[in-house]
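Reading the structure
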Amino acid sequence: MGSYVIKGARPLGGPATDILIEDGLVTQVGPVTASGAQVIDADGLIALPGLVDLHTHLREPGREDAETVETGTRAAAMGGWTAVHAMANTDPVADTAGVVEQVWRLGREYGWVDVRPVGAVTVGLAGERLAELGAMADSAAGVRVFSDDGHCVWDPVLMRRALEYVKAFDGVVAQHAQEPRLTEGAQMHEGSVSAELGLTGWPAVAEEAIIARDVLLAGHVGSRLHVCHVSTAGSVEILRWAKGRGIDVTAEVTPHHLLLTDELVRSYDPVFKVNPPLRTAADVQAVREALADGTIDIVATDHAPHPVEAKDCEWGVASMGMTGLETALSIVQEAMVDTGLLTWDQVADRMSVKPARIGRVASQGRPIAAGEPAHLTLVDPTARWECDPATQATMGRNSPVRGRTMHGRVVATIYAGRPTVLDGVLNEALSEVPL
Amino acid sequence: MRHLLSTADLSQAEAIQILDVADQMAATQKREIKKLPTLRGRTVVNLFYEDSTRTRISFEAAAKRLSADVINFSAKGSSVSKGESLKDTALTLKAMGADAVVVRHSVSGAPHRLAHAGWIDGTIVNAGDGTHEHPTQALLDAYTLRQRLVPDAIGADLKGKRVAIVGDVLHSRVARSNVTLLNTLGAEVVLVTPPTLLPVGIDHWPCTTSYDLDDVVNGGHGDLDAVMMLRVQRERMHDAFFPSAREYSRRYGLDARRMNRLPEGALVMHPGPMNRGLEITAEAADSPRSTIVEQVANGVAVRMAVLYLLLSGQAEGKDA
Amino acid sequence: MSPARPAQSSPSAPEDPPVVNDGVEVVRAVLEPAEISRALSRIAHEVLERNKGAEHLVLLGIPTRGVTLAHRLAARLASIEGTEVPVGTLDVTMHRDDLRRQAFRTIARTDLPEGGIDDQIVVLVDDVLYSGRTIRAALDALSEFGRPRAVRLAVLVDRGHRELPIRADHVGKNLPTSTLERVRVRLSEVDGGEDVVSITGGVAK
């Protein structure tokens, strides 16, 4: 493996310095003079630990028309990520050791980021009986995050058992909080806009009721709970209460819920159709504040690519979901950093350190210090660029920020000592991924 | 005017103009020769994804009386997932040279999508989309109200008139279009509905609401000039919107007893098709107050006006 | 409705642009009130002479100012001949062949006199005769209401530039114009103020 010296970067937004990388490790942080290492000029760039996404849909196996492990991980590298958690709602569902190992192996083969498969909680995501969680945990993929994402683990008994069972291997259940009966046929956030547009509402209470139940269950059985894509002000209040009680709950928010509101649905453009739906400006404000004060722990993309025809249609029949890997950091900068709600240090915490900890990815989310694995992201916070889905690495064209001027740009991503992205373009994948 | 997608897009002047033109159109329909050469050579496509014979034949009659070529495209049954997508249908219509597409669709916003997705160049007329809007129905209702209630109708609005809209507002595109248009025309609207059938989030709608039909009929919100009954589907009770058809009609149906307590001259309206015995009894539907048959006749004149206004003057040119 | 086009102006003057009289556009009056009055009187006499009296005459004005002129003509006929000549209104908008190119027009009322037009001598009355397209539309519209014995045309101003084989039977004044110019007729009943016919715009002299 080669060696690189990053010149003049500002780790976590602090003072500029040099970072020496040798054989996949950071070996020196401080002025580096004369070395044979390849120089990466990082003057004015922020250095962050490589970003870790706890919520990515790579679509493979089964929906290779929407995304593959290869295209999805290239997109991840472009967005500054060095690890992604691949959601289980593939076809076949990732509910066995066989499927999670396949995804894990594909990730290693392509070598753009560390692909950590998420295992399904229930067989076929059907919500009826537990999948073989232990087998997936013990597999080569070493699954630690389990989720029926796309579906809520609605049966309270099943949820309780899952929360208890994963304690045996330090796993976590990541809940897609959506009361199914209250959201039958739901098309968008239930409120003044849905009333006007005549679209079936997805009430905030359908999310909040499940979160309330689950934090109580987690507290009761002493388990760790993670809540996916928190979208409402009410959910924030419940999480705050639960954390105050000492319940071991973590939560994520998506970039789009930090930025966009249900007013966009007035266009009836299905690119804005997502689950949970875009909420109101008050909800956006609440989740921003919660991310700032730590009530919401992390940002996760819920990157959900779809083939063009799934969005090039009328709202009611369109698929739900938005791409996010390549725009997440820019949105976080716009919504959180440029507004003064988060420092870069805290961005590193919300997008790398904490998600790695929740997903039990030991080698990632580490400090930028000598002896640590070299997973790094270099960001130019002054860059401005227009989002054009046609030029993105993901196969999905369903970016809700297409045409928008983005704040800040990922200039380089270094995964295990190898620049996967340099000068804002894909560089080279890792040939031998360390275990 | 390029498209007619929602009554919210109409200014008061535009709405009144449509009603005024409809008045003249209605006059032409009393002549021996009803057909006008106005839209000769233009093609109007009726694209219906939902069965609605009444609306379709109304638009068809309107277009034909203006000498347009009419193509009926019944897309029902060719479900979008199985068959042709809306986009492909639109591209087909574009290739056929449709000047206007009258679209009825079960999905809210489908006409909006047709108008703005860049699939087709023609004018789009919303003939009812999901639970969103049905603008020509609201226009014909306003036309009927004005004709019956305002002596010197041409150029007039509906200021000072009070209309109660009764029934399943949640699932009603007619109610949404009417609330907006009646407000634009200066009328007051009272929505009367069981709490389960009132949408969440209507606090800023330009109307008042009530759960008590008797109170509203008795003048609790002021004297009414018209009561508009909405169709209620019996199946709604399976989703627990109300306990039984009998209880619904007892609390929210218009029968002779309630009708007779209305102020003299107050109208009874219904967009049809009616569920006689559920939201309206035969005595009410067939009474002299009822405008239900007139509404159907007025529908043709209003749709003629809409097609005329949308399709004339599309290309800029010098005057003659 | 959608943004493509702003709402159309008042129905009374769909073809009139706003008068710009800041030195760029030239407005010159070509018929004063007295001349307009004399022209109408002359037309009234001509109509009677041609028809050998007022019998079977029906005057149909074409909105907006044609209707006003028809009523003025009828008053003159009554004072000369002592008989009431029926007056009606014929809106031709829906019969125009240029609807696709014109910004849409509000439709005026069509009102025929009680006795109809079958076997009558219909005199169409309009303010300005130009391309002839309005009159073509009027002839087309007339055929919906019956079969007159004859149709004649009376106009206050004939400005030339015909595009169809149509000519007026009675003309108040022939006014040679450039196609760049606009002829404006203002009548006190419709526009307020004094009657005037003026030419606007075109090549400044």
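Worth saying up front: this structure is predicted, and the values here are computed from it rather than measured.

Cut-off values and rules
- Residues numbered from 1 in each chain as written.
- Chains lettered and ligands numbered in written order.
- Predicted model: local features only at pLDDT ≥ 70, side-chain atom pairs only at ≥ 80, totals over all residues.
- Helix = DSSP H or I, 4+ residues; strand = E, 2+ residues; numbered from the N terminus.
- Buried ≥ 20, exposed ≤ 12 C-beta atoms within 10 Å, placed from the backbone.
- Contact = placed C-beta atoms within 7 Å.
- Rg over C-alpha atoms; globule rule 2.2 N^0.38 Å.
- Pairing = 2+ DSSP bridges.
- Axes fitted to C-alpha atoms, helices over the stretch in contact; angles between N-to-C directions.
- Expected span 1.5 Å × (residues − 1).
- UniProt positions renumbered as here; feature names shortened; annotations may be inferred.
- Domains from an automatic or database assignment.
- Nonpolar A, V, L, I, M, F, W, Y, C, P; charged D, E, K, R; others polar.
- Parallel < 35°, antiparallel > 145°, perpendicular 65-115°, else oblique.
- Left-handed = near helix turned anticlockwise from the far one by under 90°.
- Core = buried A, V, L, I, M, F, W, Y, C linked by C-beta atoms within 7 Å.
- pLDDT = per-residue confidence, 0-100.

Regarding the overall build of chain C
- For chain C, the count of helices and strands is four helices and eight strands.
- The linear arrangement of helices and strands in chain C, starting from the amino end, is β-α-β-α-β-β-α-β-β-β-α-β.
- Buried positions account for 38% of the 205 residues belonging to chain C.
- Partitioning the intrachain contacts of chain C with sequence separation of at least 6 by distance along the chain shows that 69% fall at a separation of at least 24.

Here's the deal with the overall build of chain A
- Across its full length, chain A carries 11 helices and 19 strands.
- A globule of 435 residues ought to have a C-alpha radius of gyration of about 22 Å, and chain A, at 20 Å, matches this closely.
- Overall, chain A is about 65 × 45 × 45 Å in size when its C-alpha atoms are taken along their principal axes.
- Put simply, chain A has 435 residues, and 60% of those count as buried.
- Sequence-distant contacts in chain A: of pairs separated by 6 or more residues, those separated by 24 or more amount to 74%.

A closer look at the sheet that holds strand β6 (residues 51–56) of chain A
Residues and elements named next belong to chain A.
- If you trace the three strands from one edge of the open sheet to the other, you get β6-β7-β8, paired in parallel fashion. Edge strands, defined here as strands with exactly one partner in the open sheet, are β6 and β8 (114–117). Taking the axes of each pair of neighbouring strands and ignoring which way they run, one obtains an average angle of 20° across the sheet.
- Contacts from helix α1 (residues 69–78) reach β6, β7 (81–86) and β8, with the element oriented near 140° to β7.
- Across the sheet, helix α2 (residues 97–110) lies against β7 and β8, angled at about 175° from β8, the strand it touches most.

Considerations on helix α6 (residues 204–221) of chain A
Residue and element names in this part refer to chain A.
- With 18 residues, α6 ought to run about 26 Å at 1.5 Å a step, and its terminal C-alpha atoms sit 26 Å apart, in line with that.
- Among the residues of α6, those classed as buried are A204, A206, E207, E208, I210, I211, D214, V215, L217 and A218.
- In the segment just after α6, G222 is the residue with positive phi, at about 70°.

Some words on the UniProt feature "binding site: substrate" (unreviewed entry) in chain A
Residues and elements named next belong to chain A.
- According to UniProt, the positions carrying the feature "binding site: substrate" (unreviewed entry) are H57, L58, R59, N89, N275 and H306.
- Counting through the fold element by element, N89 comes out in the loop between β7 and α2.
- A tally of 27 C-beta atoms within 10 Å means that H306 is categorised as buried.
- Beyond its immediate stretch of four places on either side in the chain, H306 contacts A66, K311, S319, G321, G396 and N398.

Regarding unusual backbone geometry
All names here are of chain A.
- For the peptide bond that leads from E60 to P61, omega is 5°, which places it in the cis range.
- Looking at where P61 falls in the secondary structure, it is placed in the loop between β6 and α1.
- Of note, the bond from N275 into P276 is cis; its omega dihedral lies within 30 degrees of zero at -5°.
- Note on placement: P276 falls in the loop between α8 (255–259) and α9 (281–293).
- For D23, which is not glycine, the phi dihedral falls at a positive 50°.
- Here D23 lies in the loop between β2 (17–22) and β3 (25–29).

Looking at the domain arrangement of chain A
All names here are of chain A.
- Domain boundaries in chain A define domain 1 (3–46 + 371–426) and domain 2 (50–359).
- Using only C-alpha atoms to locate each centre, domain 1 and domain 2 end up separated by 26 Å.
- Between domain 1 and domain 2, the contact holds 29 residues from the first and 39 residues from the second.
- Sorting the residues of the side of domain 1 that touches domain 2 by element identifies β16 (376–386), β17 (405–415) and β18 (418–422) as the ones contributing at least two each.
- In terms of residue count, the dominant contributor to the side of domain 1 that touches domain 2 is β17 (seven residues).
- When grouped by side-chain class, the residues that make up the side of domain 1 that touches domain 2 number 15 nonpolar, 12 polar and two charged.

Considering the packing of helix α5 (residues 135–149) of chain B against helix α6 (residues 173–184) of chain B
All names here are of chain B.
- Relative to each other, α5 and α6 sit at 50°, their axes nearing to 8 Å. Taken together, the axes of α5 and α6 are oblique relative to one another. As α5 runs across α6, the sense of the crossing is right-handed. For the pair formed by α5 and α6, the contact residues are P135, Q137, A138, L139, D141 and A142 on the first element and V174, S177, N178, L181 and L182 on the second.
- Partitioning the contact of α5 with α6 into residue classes produces seven nonpolar, three polar and one charged.

What about the interface of chain A and chain B?
- Taken together, the contact pairs 17 residues of chain A with 23 residues of chain B.
- If one sorts the elements of the side of chain A that touches chain B by residue count, helix α5 (residues 192–197) of chain A sits on top with four residues.
- For the side of chain A that touches chain B, the residue count by class is seven nonpolar, six polar and four charged.

A look at the sheet that holds strand β14 (residues 249–253) of chain A
Residues and elements named next belong to chain A.
- Within the open sheet, the five strands sit side by side as β9-β10-β13-β14-β15. Their pairing is parallel. On the outer flanks of this sheet lie β9 (145–146) and β15 (298–299), each paired with one strand and no other.
- Where strand β10 (residues 172–175) lies against strand β13 (residues 225–227), three bridges are found, and the strand directions are parallel. Looking at β13, one finds that Q175 is bridged to V227.

Comments concerning the UniProt feature "binding site: Zn(2+) 2" (unreviewed entry) in chain A
Residues and elements named next belong to chain A.
- As annotated in UniProt, the feature "binding site: Zn(2+) 2" (unreviewed entry) corresponds to D149, H176 and H229 in the numbering used here. Across 81 residues in sequence, these annotated residues keep their C-alpha atoms within 10.0 Å of one another, forming a single compact spot.
- If near-sequence neighbours (up to four positions away) are discounted, D149 is found in contact with M87, A88, N89, A174, H176 and C228.
- Relative to the helices and strands, H229 is located in the loop between β13 and α7 (233–244).
- Taking the number of C-beta atoms within 10 Å as the measure of exposure, H229 has 25 and is therefore buried.
- Once you skip the residues sitting within four places of it in the chain, H229 turns out to touch E252, V253, T254, H257, P276 and D302.

A word on the nonpolar core
- Counting residues in hydrophobic clusters, the biggest one holds 242 residues, and the most contacted among them are A47 and V332 of chain A together with V101, V166, V227, A305 and L307 of chain B.
- Broken down by element, the residue count for this core peaks at 12 residues, all from helix α11 (residues 292–311) of chain B.
- Leave out the neighbours within four places in its chain, and V332 of chain A touches P255, L258, V299, V337, V347 and M351 of chain A.
- Membership of the second largest hydrophobic core comes to 45 residues, among which are L60, L73, V123 and L156 of chain C.

Here's the deal with the environment of N260 of chain B
- Mapped onto the secondary structure, N260 of chain B falls in helix α9 (residues 256–260).
- Taking C-alpha positions, N260 of chain B is 22 Å from Q147 of chain B, a pair spaced 113 residues apart along the chain.

Looking at the pairing of β8 of chain A
Residues and elements named next belong to chain A.
- In β8, alternate side chains face the same way, and those of D114 and R116 on one face and V115 and P117 on the other are all buried.
- The sheet contact formed by β7 and β8 spans four bridges and is parallel. What sits directly across from A83, in β8, is D114.

Digging into the confidence of the model for chain C
Residue and element names in this part refer to chain C.
- Counting all residues, the mean pLDDT for chain C is 86, and 85% of those residues have values of 70 or more.
- This stretch, residues 1–21, has a pLDDT under 50; its non-local contacts, to residues over four places away or in other chains, come to 33 contacts.
- In the model output, the complex is listed with pTM 0.89 alongside ipTM 0.91.

A word on the packing of α5 of chain B against α11 of chain B
Residue and element names in this part refer to chain B.
- At a minimum axis separation of 8 Å, α5 and α11 run at an interaxial angle of 115°. Of the two possible hands of crossing, α5 and α11 adopt the one that is right-handed. Residues T136, L139, L140, D141, Y143 and T144 of α5 form the contact with α11, whose participating residues are E294, Q295, N298, G299, V302, R303 and V306.
- Classifying every residue of the contact of α5 with α11 gives five nonpolar, five polar and three charged.

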